[in-house]
Protein chains: 2
Amino acid sequence: MPDSVVGSAHIAGRVRNKALKRKLCSAEEAAALIAPGASVGMSGFTGSGYPKEVPGELARRIGEAHERGQDFTVSVWTGASTAPELDGLLASADGIELRMPYQSDPVSRAKINAGAIDYLDVHLSHVAQMVWEGFFGKLDFALVEVAGVTEDGELIPSSSVGNNKTWLDLADRVILEVNGWQPEGLEGMHDVYYGTALPPHRRPIEIVAPADRIGAPYLRCDPEKIVAIVPTYGPDRNTPFKAPDVISNRIAGHVLDFLGQEVKRGRLPRGLLPLQSGVGNVTNAVLASLNDGPFRPLTAYTEVIQDGMLDLIKTGTLDVASATALSLSDSAVAAFYARLGDYRDRIVLRSQEISNHPEVVRRLGCLAMNGMIEADIYGNVNSTHIMGSKIQNGIGGSGDFARNAYVSIFVSPSVAKGGSISSIVPMASHVDHTEHDVHVLITEQGIADLRGLVPRQRAQRIISQCAHPDYRDALQDYFDRALATAPGKHTPHLLDEALSWHARYLAHGAMQPHRAPES
Amino acid sequence: MPDSVVGSAHIAGRVRNKALKRKLCSAEEAAALIAPGASVGMSGFTGSGYPKEVPGELARRIGEAHERGQDFTVSVWTGASTAPELDGLLASADGIELRMPYQSDPVSRAKINAGAIDYLDVHLSHVAQMVWEGFFGKLDFALVEVAGVTEDGELIPSSSVGNNKTWLDLADRVILEVNGWQPEGLEGMHDVYYGTALPPHRRPIEIVAPADRIGAPYLRCDPEKIVAIVPTYGPDRNTPFKAPDVISNRIAGHVLDFLGQEVKRGRLPRGLLPLQSGVGNVTNAVLASLNDGPFRPLTAYTEVIQDGMLDLIKTGTLDVASATALSLSDSAVAAFYARLGDYRDRIVLRSQEISNHPEVVRRLGCLAMNGMIEADIYGNVNSTHIMGSKIQNGIGGSGDFARNAYVSIFVSPSVAKGGSISSIVPMASHVDHTEHDVHVLITEQGIADLRGLVPRQRAQRIISQCAHPDYRDALQDYFDRALATAPGKHTPHLLDEALSWHARYLAHGAMQPHRAPES
């Protein structure tokens, strides 16, 4: 990339509003405005559209303060996960007091599980409302990446919208990063709805199809509140795309079989219903397999546009996708950014309160497909906690979609850690999606369609269809004994044993009840 | 009641449509139409508006068949709970194969927990959609109580609407009970929305205030499908109103304090937001106490109108209430039915898919207040299961409201069974409302406002504010040891011990860890 392109003078040219041009400054100067104890609403959703430089400068200042023996932490609110340059650096500097509503950074995760960072794990559609309600207190700063600023001072969002509208509306002061890496051609792809309100002033959200636009292509911000604009040049996190492995492909095959059966029975139209897909390799494999499937034209109303979804658009299988963020690999983003014009009418990026809004998800009848950590034999799903105590990432938008979906599917390999962990357990060690919200479980072993089944029937189906053969007998044994001796046969459990698989894993590194010593 | 009033000839006069008059018959004749294996969608919600005679006749036929050694069961789908004349008689006759989506009958409960009745416990707002989706199979019969039939053949609903629209739309054949006990003056109080559809044909539900009417005052039914109309005369279940006890009054006091604080902090308007209140003595006590509170004018957008809510309307504290059912005591119903005209503009009875619709609950910003069986120290709530295995009633509408509420409050006495059960436990033995959906816990001990708190902070607040003093030290001890030794400090648990309180209760009849023998 030639200097003339990445140079800050060139990037500064993206600030087309004259008054705001005067706010241009360095990341160091901007970070210096943020005082200890501040709450900072940052942009960023699944590794895209997060501020690239000010968080690092802030982390450096925090580190220096700590070296001087001074306290310095901030509260970090975002859309969802960000990247090492944000969560990683701030967590490494012990600079985060409170983190919400979602994160997936390994350094942050370790500190959260060590009790050093307070972490609020919140339904992503609820965040904006809860902040507006006021019980998280005042928002001191918004720190938001944009692709540019128009002549009128409107902000062109970058590769995610997340909670940016809310942060800009509510923060006392605003710091913008104008990222020259983000193409100016993103202009016009976003739909920022300005109709949300607190009750009793709320009106219907008039989206009846994924492509519907109900807002503006720009974010608004009171120019008086903008205290710094920092030119940056840096790519999004752009997680490399992993080609689907055998297990993911088997799961994808089962998902396609299931959808095909539903179409055949007349319970889904041939073009299905708007897809929602959680982030990850398994769901990416499902998306890839849809290219070979018979379903079209597809639509998506989801959180994140991954490589797989972009491929579907390219081949014409997917008509239109609505999301709040892109989350692409390096190669996919290069191809996408090179031909943005081709996608302008087929991608809508919205605020996450709208991309995940229960009202819209329910109305559109999304087909929700989310990953999980474990499910129990009665269909309760744990999406967040390892062995009950340690948080992995967070619930994210899975609850927004699973509760309101037309069909709610959870997918996972049947075992983890080389077989020492079963994803199907007697009782989930933590519950994020209750038996009431889990319609279908799919592992590489098979499909358990739980709709219309009572708990005892669900157990039988999950054990026989989804559990790994290495664990099937032990699960069946648990269920049989529970059914014989539990005080209630609606959801029979043996409370002394229900969590023993997890306890055994913690004690011995494997859930297997009778593992022969390796010889 | 003079014979001339209760006589079937007089009641038959309520069938004003000439063609339908010819379908009049006895309950015995109507019940004879229902064959073994049939699925029957019945009216009824919290003991009101259920069919009074045909279920009993059906139970009698089933009993006779069983005596002859013949199999005879049916599937019973309703709005919610009914009464001994329906659930009680059919369960006693071993006549129920599958029951959904909610029940609270003691005979049924015992048979469900014995594994003799299959029971599907479903979010009440999801039922209609799931039946329309088609994976419960065909609905053979609708058996619906009405207050009358108009000249045009439209049906005047009685004291609940529930899922009646869906049953009438989808059933192959329809049996009506015209109940002379239900006043004809109910005409005009209902609002039956005919705009629901399957995706992708759904439109916004245009309710922006609890009083909004978006449908018709009548239920529609293809007259060709109506195979029997049975005149009946019988009161609803009408559970006697219990005067609030000391514990309920203390809980109510805390709820009022909490609401007062929220108003003072500017987080709620002076007239609050539309109230949703679960059924029960505690919530009735809260409603009663609102009459003395400073909040007005109140509104309600809820499932059920109880005595307490009617009192609020009478005193003018409550402006308008929207629900799907009445659930009144004998004395309240007499007073209410005597002066129906006074209430016509202030009560709207809707289908339960609308009274509980996530879209509307979220838009209006309901203040949800529901009872619970237990909560754990991290704020996960169990609404349905006793000691993990035995179902009590069901989740009902609590999930519809808690997930989408502006503030979601759960209330319970801190102990049950004379103190041998703590309602605050280390880990819930079943989870219906996850940590993500529980904002405030209130017992007679105090208020735990969990909003904005991470799990460790929640635990500390719940133990200190809500737990009974007899259990507080043991809970604190569990939490302290978990915090010290659990492999993750985000939600620290000791998996060997997490359910030991429940196991101890099952083994010894008390959760207390160190109860001294009674001497």
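Our structure's up above, just so we're on the same page.
None of the values given here were measured: they were computed from a predicted structure.

Procedures and definitions
- Residues numbered from 1 in each chain as written.
- Chains lettered and ligands numbered in written order.
- Predicted model: local features only at pLDDT ≥ 70, side-chain atom pairs only at ≥ 80, totals over all residues.
- Heavy atoms only, no water.
- Contact = heavy atoms within 4.5 Å.
- Buried area = accessible area lost by both parts, 1.4 Å probe.
- Salt bridge = Lys/Arg side-chain N within 4 Å of Asp/Glu carboxyl O.
- Polar contact = N/O pair within 3.5 Å; in protein donor to acceptor, adjacent residues only side chain to side chain.
- Helix = DSSP H or I, 4+ residues; strand = E, 2+ residues; numbered from the N terminus.
- Nonpolar A, V, L, I, M, F, W, Y, C, P; charged D, E, K, R; others polar.
- Axes fitted to C-alpha atoms, helices over the stretch in contact; angles between N-to-C directions.
- Parallel < 35°, antiparallel > 145°, perpendicular 65-115°, else oblique.
- Left-handed = near helix turned anticlockwise from the far one by under 90°.
- Buried < 20%, exposed > 50% of the residue type's maximum accessible area, 1.4 Å probe, protein only.

## Focus: the interface of chain A and chain B
Next, step 1: Contacts between chain A and chain B engage 84 residues on the former and 84 residues on the latter.
Next, step 2: Taking both sides of the interface into account, the surface hidden between chain A and chain B amounts to around 7100 Å²; carbon and sulfur atoms contribute 55%.
Next, step 3: Its largest share of buried area at the contact with chain B, chain A owes to A:R362, A:R403 and A:L495, together 12% of the area lost on that side.
Next, step 4: A salt bridge links A:R363 to B:E359; its shortest N-O distance comes to 3.0 Å.
Next, step 5: Seen at the junction of chain A and chain B, the total is 34 residue pairs in polar contact (both at pLDDT 80 or more).
Next, step 6: Of all the secondary structure elements, the ones that give two or more residues to the side of chain A that touches chain B are α7 (106-113), β4 (118-119), α8 (127-133), α16 (358-364), β20 (390-391), α17 (398-404), α18 (455-465) and α20 (500-508) of chain A.
Next, step 7: Taken together, the residues of the side of chain A that touches chain B sort by class into 37 nonpolar, 27 polar and 20 charged.

## Considerations on the packing of helix α6 (residues 84-92) of chain A against α7(A)
Residue and element names in this part refer to chain A.
Next, step 1: Two numbers describe how α6 lies on α7: the axes approach to 7 Å, and their chain directions differ by 45°. The angle between α6 and α7 places the two elements in the oblique class. Crossing of α6 over α7 shows left-handed handedness. Where α6 approaches α7, its residues D87, G88, A91 and S92 are matched on the opposing element by V107, S108 and K111.

## Remarks on the pattern of salt bridges
All names here are of chain A.
Next, step 1: All told, the structure shown has 52 salt bridges over all chains when counted by the stated rule.
Next, step 2: K138 serves as the salt-bridge partner of D140, at 2.8 Å between the closest nitrogen and oxygen.
Next, step 3: In this structure K138 comes out as exposed when scored by relative accessible area, which is 51%.
Next, step 4: A salt bridge links R350 to D191, with the shortest nitrogen-to-oxygen separation between them at 3.3 Å. Of this pair, R350 sits in strand β15 (residues 347-350) while D191 sits in strand β8 (residues 190-191), and the two are 159 residues apart along the sequence. For the pair formed by R350 and D191, the shared burial category is buried.
Next, step 5: Within this structure, E28, E57, R60 and E64 form a network of salt bridges that share partners.

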